[in-house]
Structures are given as C-alpha cells and as structure tokens.
Amino acid sequence: MWPFSSHAHLDVARRKQARRDEAIRVARAAVPPELAGGPEAEPYLRATAREIVQRIAKGEWTAADVLDAYIARAALAQDVTNCLTEVFFAEARARAKALDDEFARTGKICGPLHGVPVSFKDTFDVKGYDSTIGFSSHADKPCPEDALVVALVREAGGIPICKTNLSQLIFFFECANPIWGRTLNPYSKSYSSGGTSGGEAALLAMDGAVLGWGTDIGGSLRIPASFCGIYSLKPGWSRISMTGVQGTWPGFEGIHTVAGPMGRSVDDIELGARLVFGKQGGEFDPAPLAYRDVDESPKKLRFGFYVSDNFVKPSPACQRAVRETVEALRRAGHECVEFEVPQARRAMEIFIGITAADKYKTLSADLGDDPLDPGVVPVVIGPRLPGWLRNSFAWVVGKLYKDEAMPGTIRAACGKSVEEYHKWVRQRDEYARMFYREVWDKHGFDGIIAPALAMPGLPHGSVQYLAGLACVDLLYNVVESPVGTVPVTRVRPSTDVPTAEWTDQRVGRGHGSPFVERLLYGKGGGDRSGFYDAEKMAGLPVGVQIVGRRWEDEKVIRMMRVVDEALGPRDFGPGSWKVQGK
C-alpha cells in the first residue's frame with residue numbers, strides 16, 4: 001500500500017483500459033452514420049425512458065436504433081470525460097435484436113423498460129464482467145451472477161450497456177482511481193464529476209444512457225448529480241436490494257450504504273424506484289415494501305429550508321440555488337419556512353467517529369500495492385496517526401483559526417474499541433431522534449430544501465483539503481432520511497462572486513469552520529486563492545437536496561416533481577448537454 005507502491009497496478013490498468021477501448025471502437029464502428037451524432041439521433045437522446053418505451057410500443061422506434069444512438073453518445077462521453085469502466089455493447093446489441101424480434105412476433109413489449117439503455121456504477125455485479133471498484137486486486141474475476149437490481153432491469157426489458165467509474169475506496173467525492181483514471185465534469189475539464197458515483201453522473205449528463213444506478217453512504221449519489229446537472233434519489237435504508245452490489249466495507253452497518261436511481265428527469269427516477277422498491281432476492285433484502293403511490297392532496301406543501309448548516313458556509317451559487325427553489329415554490333403556492341439545522345457539526349463528528357472506528361482498515365483492505373489517490377490519503381492516514389499528533393492538529397486548527405467546527409471532527413477520526421464503537425452508534429441514534437424531534441415534529445415539514453454541497457464543483461485534487469464539505473450530505477445518512485437531488489441553476493459570475501459575507505467571519509450569517517471557509521473563499525480584499533472561483537466555474541450546474549422523513553421515499557419523489565415543475569424550463573434534462581468547457 002502507498003507510500004510503498006509497486007507498479008503492478010499499471011499493468012492491470014493498461015490491460016483493462018485496452019479491453020474497454022477496443023470494445024468501444026468495435027461498437028462505434030458498427031453504429032449507422034445517421035445515428036452516430038446527427039439530427040436523426042436527437043429524438044432518441046431527448047426521450048425519457050417512458051417516452052422510449054411508448055414509441056417502441058407504437059412501432060415507431062426499434063430497440064436497436066435507440067441503442068445505437070446511445071452507444072454512439074456513450075462513446076463520446078467516454079472521449080470527453082473518461083466515465084466508462086466495463087462495456088457490454090455487443091451483448092446489448094444482441095439483447096436489442098431479441099427484443100425487436102419478440103415485438104415483431106407478438107406486438108407486445110416485455111416490460112416497463114423495454115428497449116431502454118441502462119448503465120450501472122462499477123459496484124453493481126454484471127454476469128461475466130469484473131467489478132473491480134478501482135482495485136487492481138479485483139481485476140480478472142468475472143462475476144458469476146447479476147446484482148439483483150441488474151436482474152430486475154433485464155426482467156423489465158431494460159438493456160444494460162456499461163458500468164461507470166467511481167472514487168477509490170468508494171469514499172471520497174472526486175472520481176478517480178488507479179485502474180480507470182479520473183472522470184472529468186462534462187461541463188468543464190478542470191473540475192470533477194463528483195463522487196463516488198461520478199462516472200454515472202457524467203455519462204447521464206451527456207445522454208450516454210437513459211437510466212443509471214449508483215450508491216450513497218455520505219453524498220455519493222447527490223454530489224455528482226448536482227455537479228453534473230442530473231437527478232438522483234438516495235432512498236432510505238432497506239428500500240432497494242444491495243444483493244450483488246460490491247463495496248469496501250463488508251460487515252459494516254454503522255452507516256448504511258444504499259443504492260439508488262440516477263437519471264435525466266423525475267419521471268425516470270420514479271420509474272426506476274417503482275421497478276426495484278421492495279423486490280427481494282435470495283437474501284431477503286430489502287424490506288418487502290413495494291412502491292406506494294402518494295396521495296396528491298394536499299396541493300399545498302410545507303417546506304423547511306436553510307442556506308447554511310453552520311458547519312461550512314455554502315458558496316453564493318449554492319445558496320442562490322436554494323433561494324431560487326424557495327421563491328419558485330412560494331410562487332406555486334407552497335409554504336417555505338427557514339430553520340436552523342440542529343448541531344450539524346455533531347452529525348459530522350458521529351459519521352467520522354463511527355466510520356473511522358477500525359482506522360479504516362476494512363475500507364482499505366484490498367488496496368494491495370495500489371497507490372492512494374491524494375483525495376483519500378487524509379481518510380486512510382488520519383486515524384492511524386498517534387493520538388497526540390492528531391489532537392495537536394485539532395488544537396492548532398481551533399486556536400489559530402478560532403475554529404469551533406473542525407476540531408471535534410479531527411479528534412473523532414481515531415481508532416476505537418468495540419465498547420467505544422457501541423457508544424458512538426448509540427450517539428448516532430440519539431442524534432437521529434433529536435433531529436426528528438427538533439425538525440420534523442416541531443415544524444411539521446413535508447420536506448426540506450438544502451444545498452447539495454457548499455461548492456458547485458471541485459477542482460481536481462482539491463478534496464484532500466475539503467472533506468469537511470460533505471457534512472451537508474452525510475447528515476442525512478446519519479439520520480436515515482431519503483433525499484432527492486434536482487438541478488436548479490448554473491454558476492453565474494455576474495451574481496455569484498463571494499463578498500465580505502463569505503470572506504470575513506464577522507460579516508453575515510451562516511459561517512462555520514474558518515479553516516475550511518478560508519480554503520474556499522480566500523481572505524478577502526482581492527485575495528483569489530480560494531478554491532471557489534465563479535468565473536472559472538461559469539456554467540457549472542448547481543442542484544439542491546430535497547429531504548423527506550424516514551420511509552417516505554415516494555413522497556420525496558413527489559416533492560422532486562413539485563420542485564421541478566415550480567422551477568420550470570431551465571436547460572436541464574435529456575438533450576441539454578452541448579459542450580465541455582475548459
């Protein structure tokens with residue numbers, strides 16, 4: 001393991017990437033010229049999953065033509081962003097032909113995803129292909145069976161076409177690993193697609209698939225969805241099967257990893273959820289609770305919202321996304337009430353305290369000789385430092401920066417005995433009860449509108465300094481809330497430049513860690529050293545989180561639709577990607 005890495009992983013990486021690239025080359029060459037990016041492909045790329053199925057059912061389209069348009073676009077997405085890992089275009093073509101032959105014979109579609117191209121984060125097992133999840137040690141070990149979600153997609157007539165890139169260790173929110181490399185943001189090559197489901201988000205943003213699947217333990221569905229301008233749903237635990245979904249934490253249940261749909265519209269998110277909610281495999285996973293239709297009344301909903309959780313103050317662009325959402329909801333007749341998140345820093349401490357309990361040894365067990373990405377070095381190394389050194393660093397951050405937010409998190413990142421671990425889990429449950437009492441019960445909210453992150457995008461290599469930004473997301477993993485992500489706006493240099501309200505802790509509301517905010521916004525007075533730069537970020541998408549109560553996943557999807565309709569047309573959805581900037 002780093003820092004004593006060999007170069008063996010390079011041979012694995014070259015072999016795996018060459019195999020992928022050859023499969024893409026062969027598939028691309030077989031796409032008819034008129035479907036390889038011209039105007040004849042546009043109707044297919046602009047269609048939602050339901051629209052594709054409807055057109056095929058009417059005999060207007062074929063699954064083969066739809067697939068060719070998406071293969072061509074997936075290949076382009078790979079060229080632009082490096083988002084693909086395993087590709088199965090040849091098998092997909094055979095499946096599309098079989099569907100077309102069956103439809104020609106019977107006149108009937110075989111399910112709600114008939115002919116729909118679907119992609120999966122590399123964590124999902126697909127029979128006959130590796131699930132490397134970024135480890136060289138996992139290469140050349142084809143999976144014997146499909147993950148249950150993959151099997152359900154096939155059963156519904158969907159066509160799996162590829163798997164997508166993810167973050168090393170599946171535990172930081174850029175998208176890079178030693179086997180598949182780095183995935184770029186589809187709107188700017190200088191910025192990350194987000195993580196850990198970043199390859200999936202980049203592919204969907206470029207119309208390389210119709211429906212996708214990712215996972216989330218601390219923002220991994222929501223951060224890349226916001227960065228890339230797509231939709232996602234992080235369901236509550238035990239709504240979607242995790243059978244056949246690989247991870248880096250076998251046996252860990254302190255914070256649950258969940259699988260969820262990603263797509264280019266709320267319709268596609270709902271279709272994916274309807275397909276898999278409550279469907280059990282042989283392991284009796286998940287809870288047998290199928291999709292429940294939500295009563296559309298009352299028409300007026302009560303939303304809580306905040307523009308800062310007081311752990312790290314979100315950027316002007318991310319705060320504006322929340323405010324524009326609130327303004328749109330109010331215009332549509334809904335009630336929106338600002339509130340303060342109770343003890344957000346405590347949620348961050350609990351998340352780190354629980355996940356770091358074994359010093360991240362399980363998380364990194366399969367690294368072998370693979371080098372560590374700088375983004376995960378603090379995660380892996382931090383808990384293994386001597387206690388005096390870690391505590392000294394916490395003391396310096398607190399005293400030098402007058403920071404009351406970060407020191408507790410730094411101290412929590414240490415190894416723990418089983419007895420201590422149990423105490424931290426108990427604190428998790430106590431915090432969740434307090435949150436529900438002080439937020440849901442006290443205010444009677446139907447849902448919450450929150451920033452998706454403090455930043456609209458991350459420059460490559462920056463997350464090693466900015467792990468604290470994830471507090472706004474992982475809070476809802478700690479309390480087990482279902483959360484949807486909806487794209488709202490794009491960064492505008494004319495309105496989104498930080499003023500003294502961001503650069504000076506003495507000015508304005510919502511400040512959190514001075515240490516982290518200095519890294520984001522600089523020191524003010526013309527200092528441009530911060531990672532947040534509205535001019536460089538111009539055009540990057542910005543989304544919001546839409547949060548619901550436990551077991552109200554379907555209501556979250558309804559609220560996503562309410563928000564989406566209230567915001568109106570805004571250049572997101574199928575066909576919205578045009579070009580990647582610098």
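Our subject is the structure listed above.
Residues numbered from 1 in each chain as written. Predicted model: local features only at pLDDT ≥ 70, side-chain atom pairs only at ≥ 80, totals over all residues. Heavy atoms only, no water.

J.: I'd like a description of the pattern of salt bridges, backed by residues and values.
T.: Tallied over the entire structure, the rule returns 41 salt bridges. A salt bridge links Lys-16 to Asp-130, with the shortest nitrogen-to-oxygen separation between them at 2.7 Å. Residue Lys-16 is found in helix α1 (residues 8–29), and its partner Asp-130 is found in the loop between β2 (117–121) and α6 (148–155); the two are separated by 114 residues along the sequence. Here Lys-16 matches Asp-130 in class, with each residue buried. The partner of Asp-216 in a salt bridge is Arg-222, with the nearest N and O atoms 2.9 Å apart. Arg-222 shares its class with Asp-216; the two are buried. Three or more residues joined by partner-sharing salt bridges are found here, namely Arg-50, Asp-267, Glu-270, Arg-274, Asp-293 and Arg-561. (Salt bridge = Lys/Arg side-chain N within 4 Å of Asp/Glu carboxyl O. Helix = DSSP H or I, 4+ residues; strand = E, 2+ residues; numbered from the N terminus. Buried < 20%, exposed > 50% of the residue type's maximum accessible area, 1.4 Å probe, protein only.)

J.: Outline helix α16 (residues 471–478), listing residues and values.
T.: Most of α16 is tucked away: 8 of the 8 residues are buried. For α16, the complete set of buried residues consists of Cys-471, Val-472, Asp-473, Leu-474, Leu-475, Tyr-476, Asn-477 and Val-478. After α16 finishes, the residue Glu-480 shows a positive phi value of roughly 65°.

J.: Would you mind going over the environment of Ala-104 in detail, with residue names and values included?
T.: With respect to the helices and strands, Ala-104 occurs in helix α5 (residues 89–106). Look at Ala-104 and you get exposed, because its relative accessible area is 67%.

J.: Talk me through the pairing of strand β12 (residues 335–338); I want residue IDs and the actual numbers.
T.: Note that strand β11 (residues 302–305) and β12 share 4 bridges and pair parallel. Looking across to β12, one finds that Phe-303 is bridged to Cys-336. A crossover links β11 with its parallel partner β12, the connecting element being helix α10 (residues 316–331), and its sense is right-handed. (Pairing = 2+ DSSP bridges. Right-handed = clockwise from strand over helix to strand, strands pointing away.)

J.: Residues and numbers for helix α9 (residues 266–276), please.
T.: Burial analysis of α9 places 9 of its 11 residues in the buried class, which makes it a mostly covered element. Residues of α9 that are buried include every one of Val-266, Asp-268, Ile-269, Glu-270, Leu-271, Gly-272, Ala-273, Leu-275 and Val-276, and no others. Along its buried surface, α9 packs onto α3 (49–57), α6, β8 (211–216), β9 (231–234), β10 (258–263) and α19 (553–567). (Contact = heavy atoms within 4.5 Å.)

J.: Account for the pairing of strand β3 (residues 159–164), with residues named and values stated.
T.: Along β3, 6 of the 6 residues are buried, which leaves the element largely enclosed by surrounding structure. Note that strand β1 (residues 84–87) and β3 share 2 bridges and pair antiparallel. For Val-87, the partnering residue across the bridge sits in β3 and is Cys-162. What joins β2 to β3 is α6, and the crossover it makes is right-handed.

J.: Quick rundown of a nonpolar patch on the surface? Include the residues and the values.
T.: Together, Leu-385, Trp-388 and Leu-389 make up an exposed nonpolar region whose accessible area comes to about 300 Å². By secondary structure assignment, the location of Leu-389 is in helix α13 (residues 387–400). Using a relative accessible area of 34% as the deciding quantity, one classes Leu-389 as partly exposed. (Patch = residues over 30% accessible without salt bridge, like charges linked within 9 Å, V, L, I, M, F, W, Y side chains within 5 Å. Areas by Shrake-Rupley, 256 points an atom, 1.4 Å probe, with all protein chains shown as cover.)

J.: Account for unusual backbone geometry, with residues named and values stated.
T.: In this structure, Thr-196 follows Gly-195 across a cis peptide bond, with omega equal to 10°. By secondary structure assignment, the location of Thr-196 is in the loop between β7 (188–192) and α7 (198–205). Of the consecutive residues Asp-285 and Pro-286, the connecting peptide bond is found in the cis state with omega at 10°. Positionally, Pro-286 belongs in the loop between α9 and β11. A positive phi angle is found at Tyr-360, which is not glycine, with a value near 60°. One can find Tyr-360 in the loop between α11 (344–355) and α12 (377–381). The class of Tyr-360 is buried, set by a relative accessible area of 3%.

J.: Let's hear about the nonpolar core: which residues, and what values?
T.: Residues Phe-89, Trp-213, Phe-435, Ile-448 and Leu-469 are the most contacted members of the largest nonpolar core, which totals 186 residues. Here this core takes 11 residues from helix α4 (residues 63–81), the largest share from any one element. (Core = buried A, V, L, I, M, F, W, Y, C linked by side-chain atoms within 4.5 Å.)

J.: Describe the environment of Ala-500, listing the residues and the values that go with them.
T.: Looking at where Ala-500 falls in the secondary structure, it is placed in helix α17 (residues 500–503). Residue classification places Ala-500 among the partly exposed positions, given a relative accessible area of 38%.

J.: Provide a residue-level description of the environment of Arg-428, including the pertinent values.
T.: Take Arg-428: it is sitting in helix α15 (residues 418–443). For the pair Arg-428 and Glu-349, spaced 79 residues apart in the sequence, the C-alpha separation amounts to 9.7 Å. Among all residues touching Arg-428, those that are not within four sequence positions of it are Glu-253, Gly-254, Ile-255, Ile-350, Ile-354 and Val-478.

J.: Would you mind going over the packing of aromatic side chains in detail, with residue names and values included?
T.: One pass over the full model with this rule turns up 19 aromatic pairs. When the ring of Phe-88 is compared with that of Tyr-129, the centres are 4.7 Å apart and the planes differ by 50°; the resulting orientation is tilted. Here Phe-88, found in the loop between β1 and α5, pairs with Tyr-129, found in the loop between β2 and α6; they are 41 residues apart in sequence, far enough to count as distant. Measuring from ring centre to ring centre gives 6.0 Å for Tyr-465 and Phe-531, while their planes differ by 20°; the resulting arrangement is stacked. Note that Tyr-465 is positioned in the loop between β13 (447–451) and α16 and Phe-531 in the loop between α18 (514–521) and β15 (541–547), a separation of 66 residues in sequence. Residue Tyr-465 is classed as partly exposed on the basis of its relative accessible area, which comes to 45%. When its relative accessible area of 21% is taken as the criterion, Phe-531 is described as partly exposed. (Phe/Tyr/Trp six-rings, centres within 6.5 Å; stacked < 30°, edge-to-face > 60°.)

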